[in-house]
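# Descriptive structure summary
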Amino acid sequence: MGFAELGLSSEIVAAVEASGYAEPTPIQERAIPVALEGRDIFGIAQTGTGKTASFVLPIIQKLAVGRARARMPRSLILEPTRELAAQVATSFESYGRNHKLTMALLIGGVSFTDQDKKLDRGVDVLIATPGRLLDHCERGKVMLNGVQFLVIDEADRMLDMGFIPDVEDICRRISFSRQTMLFSATMPQEIQELADRFMQPPVKIEVAPPSSPAETVQQWQVLSGGGRDKRDTLRQLLRDESVKNGIVFCNRKSDVAILCKSLQRHGFNAAALHGDMEQRHRMKTLDAFRNGEISLLIASDVAARGLDIPEVGHVFNFDVPIHAEDYVHRIGRTGRAGRSGCAFMLVTSPERKYVETIEELIGRTIERYAITRQSSETGESGQPSGTRETRASKKSPGRRKRGDKPAVKQQSREPRASKETSTDKEPDVIGMGEHVPAFLQGK
């Protein structure tokens, strides 16, 4: 089935094809005809399935007739993060290239004055984060009583970030005669209650089990120690996998900066992305990653939801996410649009309890991946050195298969001097050597 068979206009179909898409995804195939009928939609689909086009394309077609008035947008799309809002704005520009629709993006980190000017001219499409939108409402710069189409995107993420009270406030400001489309990857009770309160009986569209990762993503867990050992393990994985590009997720923003500097020090082309960065810097970093100028993006969960970077080959969970749903969204950054991808999770003993929760959520066991340590990781210059190890899954003498227990080496190890450890540290004690205490000898 092509996009033309969904009831879309020839202008929109041409714009979609010019963007490189020939066939709709399952969520698009089911949601677009219902949206064109004017019915409310409660869509449940995993990340990377094309939810954005499911509401962007019908809204463009419906807004083709009529014009906006000053400070009274005709449609409103709520997004949980600045990055996702900016991405949806890009989709509107791409798919609406054959229409003369006006658009405004209301996000933090951008001048109120510039946003006010666009609102004063009138906009057909308003894309906003809840906090910044309410700021404009309180200042009298935008009125929502003219909104005909409301989209609440990534509703479960809104819940996680504490935005639901703001979303409820916004919904009360809009006429109930509007058409509402709510999209979420999971369906917690609070989201169901939101739909019951602010939507007319919606058509429920579910194209994948809630919280299920894409089948195109290979998932592995790698057992590791903490601290320096975890960084060593990550660097070894990056070399073993010959990573072209990838995203590395940390749970804390402070750890993002530390890990990024460590990887840069060892010769990797890495950049950090977290919520404390200025908006302009964040967008510049994302553009550099999309364009291939940066190979590794070290990120907090600000990058886990909705960012559409189609050809991300690998995702690494440097920290096991505390909330199991975040795991699904993180690994959803790879394996998008039918492409294959790999997701690795570095697991320490204290993090095992979180892995069990993740496995329960996704309904499968994440297979263990064993790696072979290199004897020397870096040369004097800090560039990767030594021979790249073959992946453990390949059969060859002396290499272990995934899941095999590592062989115990009897020889003692000498400590390696590096910027991350002191050279005067005592050698690791493997055994007692020739010294055996007298009480053990029965003397």
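My aim in this report is to walk through the structure given alongside it, one point at a time. (Residues numbered from 1 in each chain as written. Predicted model: local features only at pLDDT ≥ 70, side-chain atom pairs only at ≥ 80, totals over all residues. Heavy atoms only, no water.)

### Considerations on the packing of helix α6 (residues 130–138) against helix α8 (residues 164–172)
The contact between α6 and α8 brings their axes to 10 Å, and the two run at 45°. In terms of orientation, α6 and α8 fall into the oblique class. Note on packing geometry: the crossing formed by α6 with α8 is left-handed. Note on element contacts: α8 touches α6 through Asp 166, Val 167, Asp 169 and Ile 170, opposite Pro 130, Gly 131, Leu 133 and Leu 134. The class makeup of the residues in the contact of α6 with α8 is five nonpolar, one polar and two charged. (Axes fitted to C-alpha atoms, helices over the stretch in contact; angles between N-to-C directions. Helix = DSSP H or I, 4+ residues; strand = E, 2+ residues; numbered from the N terminus. Parallel < 35°, antiparallel > 145°, perpendicular 65-115°, else oblique. Left-handed = near helix turned anticlockwise from the far one by under 90°. Contact = heavy atoms within 4.5 Å. Nonpolar A, V, L, I, M, F, W, Y, C, P; charged D, E, K, R; others polar.)

### With respect to the sheet that holds strand β2 (residues 75–78)
Strand order in the open sheet made by the seven strands is β3-β4-β2-β5-β6-β1-β7, with parallel pairing throughout. Both outer strands of the open sheet, β3 (103–106) and β7 (203–206), are each paired with one neighbouring strand and no more. Between one strand axis and the next, the sheet turns by 15° as a mean value, whatever way the strands run. As paired elements, strand β1 (residues 41–44) and β7 share four bridges and run parallel to each other. (Pairing = 2+ DSSP bridges.)

### Some remarks on the nonpolar core
Leu 57, Ile 77 and Phe 92 are the most contacted members of the largest nonpolar core, which has 35 residues in total. The set of elements that each furnish at least two residues to this core consists of α1 (10–18), α2 (26–36), α3 (51–62), α4 (82–95), β4 (125–128), β5 (149–152), β6 (179–184) and β7. Here the element with the most residues in this core is α3; it accounts for six residues. Once residues lying within four places of it in the same chain are set aside, the contact partners of Leu 57 are Phe 3, Leu 8, Ile 12, Val 16, Ile 32 and Tyr 95. Listed in part, the 32 residues of the second largest apolar core include Ala 128, Met 158, Ile 164 and Leu 182. (Core = buried A, V, L, I, M, F, W, Y, C linked by side-chain atoms within 4.5 Å. Buried < 20%, exposed > 50% of the residue type's maximum accessible area, 1.4 Å probe, protein only.)

### What to know about the packing of aromatic side chains
Between two aromatic rings, the relevant description is the distance of the centres plus the angle of the planes. Enumeration over the complete set of coordinates arrives at four aromatic pairs. Judged by centre distance (5.6 Å) and plane angle (45°), the ring pair of Phe 55 and Phe 183 falls under tilted. With Phe 55 in helix α3 and Phe 183 in strand β6, this pair connects stretches of sequence that are 128 residues apart. A relative accessible area of 0% means that Phe 55 is categorised as buried. Positioned above the aromatic ring of Phe 112 is the side chain of Arg 132, whose terminal nitrogen or guanidinium carbon lies 3.9 Å from the ring centre. (Phe/Tyr/Trp six-rings, centres within 6.5 Å; stacked < 30°, edge-to-face > 60°. Lys NZ or Arg CZ within 6 Å of the ring centre and 35° of its normal.)

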